[in-house]
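The primary structure of each chain is shown beneath.
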Amino acid sequence: MPHSFQLHNANSIKSSIILVVYFRGRRYRKPLNESTYVADWNTKEQRCRVVKRNELAEAINEKIDAWEAAVKDTIKHFTPLADTPPQEEFWRQFTSFFTKSSDKSPGTFFVDFVEDYGRKVENRRMGLRRRTGRVIINPQPTERLAGRSFLLP
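How each quantity is defined
For every chain, the first residue of the written sequence is number 1, and numbering continues from 1 onward in sequence order. It should be noted that, the model being predicted, local features are given only for residues of pLDDT at least 70 and side-chain atom pairs only at 80 or more, the latter also being counted only at that level, while totals for whole chains, interfaces and linings use all residues. Hydrogen atoms and water are omitted, and side-chain values are computed over all heavy atoms in the structure. By the criteria applied, helices consist of DSSP H or I runs no shorter than four residues and strands consist of E runs no shorter than two, each listed in order from the N terminus. Working definition: with a 1.4 Å probe on protein chains only, accessible area under 20% of the residue-type maximum means buried, over 50% means exposed, and in between means partly exposed. Contact criterion: two residues are considered in contact whenever any of their non-hydrogen atoms come within 4.5 Å of each other. Areas reported here follow the Shrake-Rupley algorithm with a probe of radius 1.4 Å; residue values treat only the protein chains shown as occluding. Strand pairing follows a simple DSSP-based rule, namely that at least 2 bridges must link the two strands.

S.K.: How do you make sense of the overall build of the protein chain when you look at a structure like this?
M.R.: Check the secondary structure of the protein chain and you find three helices and seven strands. Listing each helix as α and each strand as β along the protein chain from the N terminus yields β-β-β-β-β-α-α-α-β-β. Burial statistics for the protein chain: of 153 residues in total, 25% are counted as buried. Contacts in the protein chain between residues at least 24 apart in sequence constitute 42% of all its contacts with a sequence separation of at least 6. Carbon and sulfur atoms make up 54% of the accessible area of the protein chain, which amounts to about 11500 Å² in all.

S.K.: Would you mind going over the pairing of strand 3 (residues 26-37) with me for this structure?
M.R.: Each regular strand displays side chains that alternate between the two surfaces of the sheet. Pairing of strand 2 (residues 14-23) with strand 3 involves nine bridges; the strand directions are antiparallel. When the sheet's bridge partners are listed, Ser15 is paired in strand 3 with Thr36. Hairpin connection between strand 2 and strand 3: a loop of two residues separates the two successive antiparallel strands, and Arg24 in this loop has a positive phi of roughly 50°.

S.K.: What am I meant to see in the side chain of Arg47 here?
M.R.: With respect to the secondary-structure elements, Arg47 resides in strand 5 (residues 47-48). What makes Arg47 buried here is its relative accessible area of 17%. If we ignore the near neighbours within four places in the chain, the residues touching Arg47 are Phe5, Asp40, Trp41, Asn42, Asn61, Ile64, Asp65 and Glu68.

This is how it looks when you write it as structure tokens:
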């Protein structure tokens with residue numbers, strides 16, 4: 001296998017995950033910037049076990065899948081070339097493949113932003129309602145006149 005995901009320190013309780021790539025006799029290492037419990041790491045499948053105490057396991061596994069696809073594309077890119085690439089060039093090409101694969105989602109439009117903002121505000125109101133136990137009623141519109149507020153009809 002030309003690449004593998006390993007734990008940086010398997011003797012501790014939690015360890016960071018690193019990607020190790022072997023290509024034409026050279027070893028390329030890069031941290032995944034994610035960590036997991038050592039007990040929850042499946043060495044055979046090189047993935048995190050999805051258990052209750054490790055809530056981020058699914059997200060970490062998705063990131064591992066994306067990195068794996070980018071590594072395979074990077075190796076395919078350098079296979080026809082005669083020279084072994086240096087570290088910087090290898091990881092630069094890896095980053096370009098990784099960003100191409102993660103940019104497949106369409107852009108966010110202003111309407112989407114407004115809808116998300118409305119949902120966040122409503123969730124905050126519902127959270128306040130749950131914490132206080134009171135029903136939150138929208139205040140009636142008021143008009144300020146000389147420092148006093150009056151209810152509008």
